[in-house]
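Each chain is listed here by its residues.
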Amino acid sequence: MANVYDTLVERGFVAQCTNEAELRELLEKERVSFYIGFDPTADSLHAGHFIALMAMAHLQRAGHRPICLVGGGTGTVGDPSGRTDMRKMLTDEQIEHNCNCFKEQIARFIDFSDGKAIMANNADWLRKLNYIDLLREVGACFTVNRMLAAECYKQRWEKGLTFLEFNYMVMQAYDFLELNRRYGCKLEMGGDDQWSNIIAGVELNRRKNGTAVYGLTNKLLTKSDGKKMGKTAGGALWLDAEKTSPYEFYQYWRNVDDADVEKCLALLTFLPMEEVRALASREGAAINESKAVLAYEVTKIVHGEEAAKQAKAGAEKMFGGAGGTADDMPRVAGQPGEKLLDVLTRGGVFASKGEGRRLMKQNGLSLNDAKVTDEAYVLTDADFATDDKAIIRKGKKKHYQIVKG
C-alpha cells in the first residue's frame, strides 16, 4: 500500500515540508493526529479551503486522524498572511455563527464517527489565556527579528502592520502546542502562505516540550498563469449552495482553462491518477469532455451526487445543443415592474446589491442576451415574452431563469 505522503506528492498537494524523510516515515509507522485551522472570516468555506479539505480527506482515508480546528479565538485577530490591508473585525456573535457554519460544512468532507476525527475550537483555550501568563510561558520562544523576517508580514510594510496582527503568529503557534498537549497532534497542515506560522508552531513545540512535530503546506489553488483560482465575477466560489448554486459551481469547473484540467482533477477529485492523466491528455474538443468529468466529480463531492446530476443536466441542456429550455437552471421569482437588481439580490444571484451594481458596471450581466448596465433597470412584460421566462447570464456562462411569481 502506498504511503499517503507519496499520494499527496503525486497528486500535487505538497509545497513545503519541515522534514520530509521523517514525516514520511512517521506516516508509514503510526496513526498520526494532524490539524488544519479554518478562521471564520465568512459564513461559508470557499474553493480555497477545498484543497485543504481534500488533503485532509486523503490522510483520513489512509488511517490518520484529522483535527479540524475552527478559529473562534484567532478569528478575533485576523491572519495578515497574504493581505495588504487589515481584515475586517468581526463581532463575537458573527464569529460564533461562522464557526458553526464551518463545522456543518466540514462534516460533509470528513468522517467524525467513532473518533475518526476531532472538531475543535481554539476559543476554548485562547479566550481563557491571561496575557501576562502567556508572555511568561511562550514569549521568550519568539525573537522579534525572526518574526519580522516572516513572509506573512512583509506585504504589510507599506501600509503598516498593526500590533494586533503581529500577535497572530504567536496565537497560531500556541494552537499547535495546545493540540499536541491535548490530542498528541504531530502535524500541522495549511496553505503555502501559512509556512511562517506553521514553522513557529513547530519550533514552539520543540522549545517548550522537546517534542518532534512537523509542518506541511499545500500548494495554493492557482491557475496556470499564477492567478488565484476560485474567483468568479461575483466574488468567491463558495461551498454553500445558497451562496453559489450547484449549477454555478459546476459551470465554474466546466470552464477552467485546458492547461488546468490535470491539476484540478488531481487535487480536487478522488479519481485514480492513471485516469487523471488520461483525461488530461485529451486534445481539441475532447478536452471538454474531461472538463465535464471534472465539474461533475467536484460538484458531487461538495454538493452530493443528485445535485451534480442536476447541474450536469442543466448545463447539457443549455450548452449541449439539445434544444432544451434549460428548466434545470436555477430559478429566480420576479414580476414586471420590479427592479432587476432587487429581484436578483432577493433571489440570491447577488450576495448584495453592492455586488450587483459592480457586476453591472463591469458589463457582467445580460438579460435575454442584452447587456444590462443600469442598476435602475425595471423588468417589463417583454422580458418574459419567451416561454414566459427571462434568462439572466451572470458573468461567464452562469445562467438563471427569472419566472413570474
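None of the values given here were measured: they were computed from a predicted structure. (Residues numbered from 1 in each chain as written. Predicted model: local features only at pLDDT ≥ 70, side-chain atom pairs only at ≥ 80, totals over all residues. Heavy atoms only, no water.)

## Digging into the overall build of the protein
- Tallying secondary structure elements over the protein gives 18 helices and 13 strands in all.
- Computed over the C-alpha atoms, the radius of gyration of the protein is 23 Å, within 12% of the 22 Å expected from 2.2 N^0.38 for a compact globule of 405 residues.
- Projecting the C-alpha coordinates of the protein onto the three principal axes gives extents of approximately 75 × 45 × 40 Å.
- Residues counted as buried form 50% of the 405 residues belonging to the protein.
- For the protein, contacts bridging at least 24 residues in sequence account for 72% of all contacts bridging at least 6.
- When the accessible surface of the protein is summed, it comes to about 18,600 Å², and 48% of that surface belongs to carbon and sulfur atoms.
- Looking at the protein, you have 55 positive and 57 negative side-chain charges, and the mean spots of the two groups are 2 Å apart. (Helix = DSSP H or I, 4+ residues; strand = E, 2+ residues; numbered from the N terminus. Rg over C-alpha atoms; globule rule 2.2 N^0.38 Å. Buried < 20%, exposed > 50% of the residue type's maximum accessible area, 1.4 Å probe, protein only. Contact = heavy atoms within 4.5 Å. Areas by Shrake-Rupley, 256 points an atom, 1.4 Å probe, with all protein chains shown as cover. Lys, Arg positive; Asp, Glu negative; His and termini not counted. Charge placed at Lys NZ, Arg CZ, Asp CG, Glu CD.)

## Quick word on the nonpolar core
- Membership of the largest hydrophobic core comes to 68 residues, with the highest contact counts inside it found for Leu23, Phe38, Phe50, Ile106, Leu216, Trp253 and Leu268.
- If near-sequence neighbours (up to four positions away) are discounted, Phe50 is found in contact with Phe109, Leu239, Leu268, Val298, Ile301 and Val302.
- Judged by nonpolar contacts, the second largest core, of 32 residues, contains Ile118, Trp125, Met171 and Val213. (Core = buried A, V, L, I, M, F, W, Y, C linked by side-chain atoms within 4.5 Å.)

## Side note on the sheet that holds strand E1 (residues 14–17)
- If you trace the six strands from one edge of the open sheet to the other, you get E1-E6-E5-E2-E3-E4, paired in mixed fashion. Of all the strands in the sheet, just E1 and strand E4 (118–121) have a single pairing partner and so form its edges. Direction aside, the axes of adjacent strands within the sheet are offset by 25° on average.
- Where E1 meets strand E6 (residues 214–218), three bridges bridge the pair, whose relative direction is antiparallel. Counted as the bridge partner of Cys17 is Leu216 from E6.
- Sitting on the sheet, helix H2 (residues 20–29) touches E1, strand E5 (187–191) and E6, and the angle it makes with E6 is about 95°.
- Here helix H3 (residues 47–61) sits on the sheet in contact with strand E2 (33–38), strand E3 (65–70), E5 and E6, set at roughly 165° to E2. (Pairing = 2+ DSSP bridges. Axes fitted to C-alpha atoms, helices over the stretch in contact; angles between N-to-C directions.)

## Observations regarding the packing of aromatic side chains
- Tallied over the full model, the rule gives four aromatic pairs.
- Taking 6.1 Å as the distance between ring centres and 70° as the angle between the ring planes, the aromatic pair formed by Phe249 and Trp253 counts as edge-to-face. Linking Phe249 with Trp253, this pair stays in helix H12 (residues 246–254), spanning four residues, or about one helical turn. As far as the burial class goes, Phe249 and Trp253 line up, both buried.
- Ring geometry for Tyr252 versus Trp253: centroids 4.9 Å apart, planes at 85°, classification edge-to-face. Trp253 carries the same exposure label as Tyr252, and that label is buried.
- Taken together, the aromatic side chains of Phe249, Tyr252 and Trp253 make up a single cluster linked through ring pairs.
- Positioned above the aromatic ring of Phe270, the side-chain terminus of Arg61 is 3.6 Å from the ring centre.
- When the ring centre of Trp238 is taken as origin, the NZ or CZ atom of Lys243, which lies over that ring, is 4.7 Å away. (Phe/Tyr/Trp six-rings, centres within 6.5 Å; stacked < 30°, edge-to-face > 60°. Lys NZ or Arg CZ within 6 Å of the ring centre and 35° of its normal.)

## Side note on the pattern of salt bridges
- Scanning the model with the defined rule gives 17 salt bridges in all.
- Across the salt bridge formed by Lys116 and Asp111, the nearest N and O atoms sit 3.2 Å from each other.
- The class for Lys116 is partly exposed, based on a relative accessible area of 35%.
- Accessibility expressed as a relative area gives 31% for Asp111, which makes it partly exposed.
- Across the pair Arg357 and Glu375 runs a salt bridge, and its minimum N-O distance is 3.1 Å. Here Glu375 lies in the loop between strand E11 (370–371) and strand E12 (389–394) and Arg357 lies in helix H18 (residues 353–361), a separation of 18 residues in the sequence. (Salt bridge = Lys/Arg side-chain N within 4 Å of Asp/Glu carboxyl O.)

## Some words on the environment of Leu340
- In this fold, Leu340 is placed in helix H17 (residues 340–346).
- Looking at Leu340, the relative accessible area reads 0%, which means it is buried.
- Put simply, Leu340 and Gly356 are 16 residues apart on the chain and 9.7 Å apart in space, counted from C-alpha to C-alpha.

## Some points on helix H15 (residues 286–303)
- Over its 18 residues, H15 runs 26 Å from end to end, which matches the ideal 26 Å to within 8%, given 1.5 Å per residue.
- Burial analysis of H15 places 13 of its 18 residues in the buried class, the great majority of the element. (Expected span 1.5 Å × (residues − 1).)

## Here's the deal with the pairing of strand E9 (residues 331–334)
- Residues Val332 and Gly334 line the buried face of E9, whereas the alternating positions Arg331 and Ala333 sit on a face that is not buried.
- Pairing of E9 with strand E13 (residues 399–404), which is carried by four bridges, proceeds in the parallel orientation. Looking at E13, one finds that Ala333 is bridged to Val403.

## Thoughts on unusual backbone geometry
- In this structure, Asp114 takes a positive phi of about 55° despite not being glycine.
- Positionally, Asp114 belongs in the loop between helix H4 (92–106) and E4.

## Side note on H3
- The first and last C-alpha atoms of H3 sit 21 Å apart over 15 residues, in line with the 21 Å expected at 1.5 Å per residue.
- Burial of H3 is extensive: 13 of the 15 residues sit out of reach of the surface.
- Positive backbone phi, at 100°, marks Gly63, one or two positions downstream of H3.

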